[in-house]
Amino acid sequence: MSRVYNFSAGPSMLPEEVLKQAADEMLDYHGCGQSVMEMSHRSKVYDDIIKGAEALLREIMNIPDNYKVLFLQGGASAQFSAIPLNFMNGSGKADYVITGQWAKKAFQEAQKYGEAKAVASSADKTFSYIPKLDKSEFTPDADYFYICMNNTIYGTVYHELPDTGDVPLIADISSCFLSEPIDVTKFGMLYGGAQKNVAPAGLVIAIIREDLLGNARDITPTMLNYKIQADAESLYNTPPCYTIYICKLVLEWIKRTGGLEAMKERNEKKAKLLYDYLDESKMFRGTVVKEDRSLMNVPFVTDSEELNAKFVKEATEAGLVNLKGHRTVGGMRASIYNAMPYEGVEKLVNFMKEFEKNNS
Ligand SMILES: *Cc1c(COP(=O)(O)O)cnc(C)c1O
């Protein structure tokens, strides 16, 4: 068996230990004679899986009791509509910071339902930085304030959260979920698609402060109503059962490898290796301002389209796959999520050094 190092932005690598455990448990989960894929979501054995996943997530992220944890479907993209439908029902206003395509899509969706305001944007420089925020631009009676915490396509992250006072802060954490500790109490809602850092595709995890629930607009589709999902403990209908099971295995892996503090240390070490090389290389350079660099997604370019294409091709042949950058940035992007081992980044950097030597 030969596994590649997969630098895809998502779906992305899963820990090998988790894949092996899932394989071992595939035909007969814990002696019940069936696969998790086949069992009823209303069975006792499945209830232990979904409740276990929630309990582990609460423990690992230190989620207070006044927050609900929801396992949802529809991708992060469905939440772009669900968020205004559930929360934009006081003043009917909300603030958005436009730091990339995902923030922009969320903003555009909210504009359908109320007065969504873009309080800042970094579109002028292809989203290569996190804009400085001017509090006098914030809407004092907004129903919420929305950010995309880690910008998967552009490779930026908020190192400091906006101070929104009493206005609940909502963050899309799809591409930095479980990558480092996060203070849940600073947020009204945190959510993310699982396919970047938590599990296979098909699952969204939402963490919502309880007092914000119950204000959804009447027209809100039942499936998008967070209060209904919370009251049904994420079992209003059939949840993505198998994906939640893998999520539980990933959470167990995080716990036994030292939790989020240790995860952060490993992620910093991996990212430093790559960024340090980008800073010293004469051929490759990062596309993002240094102070806003993401630990998870690292876009970089050479000055030549031809070299970029050659690099991606030769890297693929060397077992370093999915390094082609997003079409709006060009060049390359290495997504180095939790499951990417240090050796994978090391191999990439060594490959880049060789490539630079052979092509300059
Ligand atoms: C991938 C991604 C999305 C879109 O997720 P889907 O599950 O495909 O809808 C949204 N936001 C961020 C930050 C992402 O990385």
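Residues numbered from 1 in each chain as written. Predicted model: local features only at pLDDT ≥ 70, side-chain atom pairs only at ≥ 80, totals over all residues. Heavy atoms only, no water.

Draft legend 1. Local environment of the domain arrangement of the protein. Along its sequence, the protein is organised into domain 1 (17-256) and domain 2 (260-359). Computed from C-alpha atoms alone, the centre-to-centre distance between domain 1 and domain 2 is 27 Å. Contact residues are listed per partner, giving 26 residues for domain 1 and 23 residues for domain 2. In total, about 2100 Å² of surface goes out of reach between domain 1 and domain 2, with carbon and sulfur atoms giving 56% of it. (Domains from an automatic or database assignment. Contact = heavy atoms within 4.5 Å. Buried area = accessible area lost by both parts, 1.4 Å probe.)

Draft legend 2. Local environment of the site of the ligand. Close contacts around the ligand come from 13 residues, with S77, T152, D172, Q195 and K196 the closest. Contact distances for the ligand include 2.9 Å between an oxygen atom and a side-chain N or O atom of Q195. Calculation on the ligand without its partners gives an accessible area of 390 Å², and the protein chains cover 87% of this total. Among the residues making up the shell around the ligand, the classes are represented as four nonpolar, seven polar and two charged. (Near = heavy atom within 4 Å. Polar contact = N/O pair within 3.5 Å; in protein donor to acceptor, adjacent residues only side chain to side chain. Areas by Shrake-Rupley, 256 points an atom, 1.4 Å probe, with all protein chains shown as cover. Nonpolar A, V, L, I, M, F, W, Y, C, P; charged D, E, K, R; others polar.)

Draft legend 3. Fine view of the pattern of salt bridges. Per the counting criterion, the structure on display carries 25 salt bridges. Salt-bridge contacts for D183 lead to K186; the nearest nitrogen and oxygen are separated by 3.1 Å. Given the relative accessible area of 36%, D183 is considered partly exposed. Residues joined by salt bridges that share partners form a network here, namely R3, E16 and K20. (Salt bridge = Lys/Arg side-chain N within 4 Å of Asp/Glu carboxyl O. Buried < 20%, exposed > 50% of the residue type's maximum accessible area, 1.4 Å probe, protein only.)

Draft legend 4. Structural context of the side chain of K196. Residue placement: K196 occurs in the loop between strand 9 (189-193) and strand 10 (204-209). Of the side chains bearing the opposite charge, D172 lies closest to the buried K196, which forms no salt bridge; the N-O distance is 7.1 Å. The contact partners of K196, leaving out residues within four places of it in the chain, are A9, G10, S12, S174, S175 and Y337. (Helix = DSSP H or I, 4+ residues; strand = E, 2+ residues; numbered from the N terminus. Lys, Arg positive; Asp, Glu negative; His and termini not counted.)

Draft legend 5. Structural view of helix 9 (residues 342-358). Its 17 residues place the ends of helix 9 24 Å apart at the C-alpha level, agreeing with the 24 Å of an ideal helix rising 1.5 Å per residue. Residues of helix 9 that are buried make contact with strand 1 (5-6), helix 7 (259-280), strand 12 (297-301), helix 8 (305-317), strand 13 (320-321) and strand 14 (332-335). (Expected span 1.5 Å × (residues − 1).)

Draft legend 6. The sheet that holds strand 8 (residues 169-172), seen in detail. Read across the open sheet, the seven strands follow the order 2-10-9-8-5-3-4; overall the sheet is mixed. This sheet does not close on itself; its edge strands, each paired only once, are strand 2 (67-72) and strand 4 (115-121). This sheet shows a mean twist of 15° between the axes of neighbouring strands, independent of strand direction. With three bridges joining them, strand 3 (residues 93-98) and strand 5 (residues 144-148) adopt parallel strand pairing. (Pairing = 2+ DSSP bridges. Axes fitted to C-alpha atoms, helices over the stretch in contact; angles between N-to-C directions.)

Draft legend 7. The environment of A94, seen in detail. Its place among the elements puts A94 in strand 3. Counting along the chain gives 92 residues from A94 to K186, while the straight-line C-alpha distance between them is 17 Å. What A94 contacts, discounting residues up to four positions off in sequence, is M88, E115, A116, K117, A142 and Y144.

Draft legend 8. Spotlight on the sheet that holds strand 14. Sheet architecture is open: three strands sit in the order 11-12-14, paired in antiparallel fashion. Every interior strand has two partners, whereas the edge strands, strand 11 (285-286) and strand 14, have only one.

Draft legend 9. Main features of the environment of G10. Within the secondary structure layout, G10 lies in the loop between strand 1 and helix 1 (16-24). Along the sequence, G10 and S175 sit 165 residues apart, while their C-alpha atoms lie 8.5 Å from each other. Once you skip the residues sitting within four places of it in the chain, G10 turns out to touch Q195 and K196.

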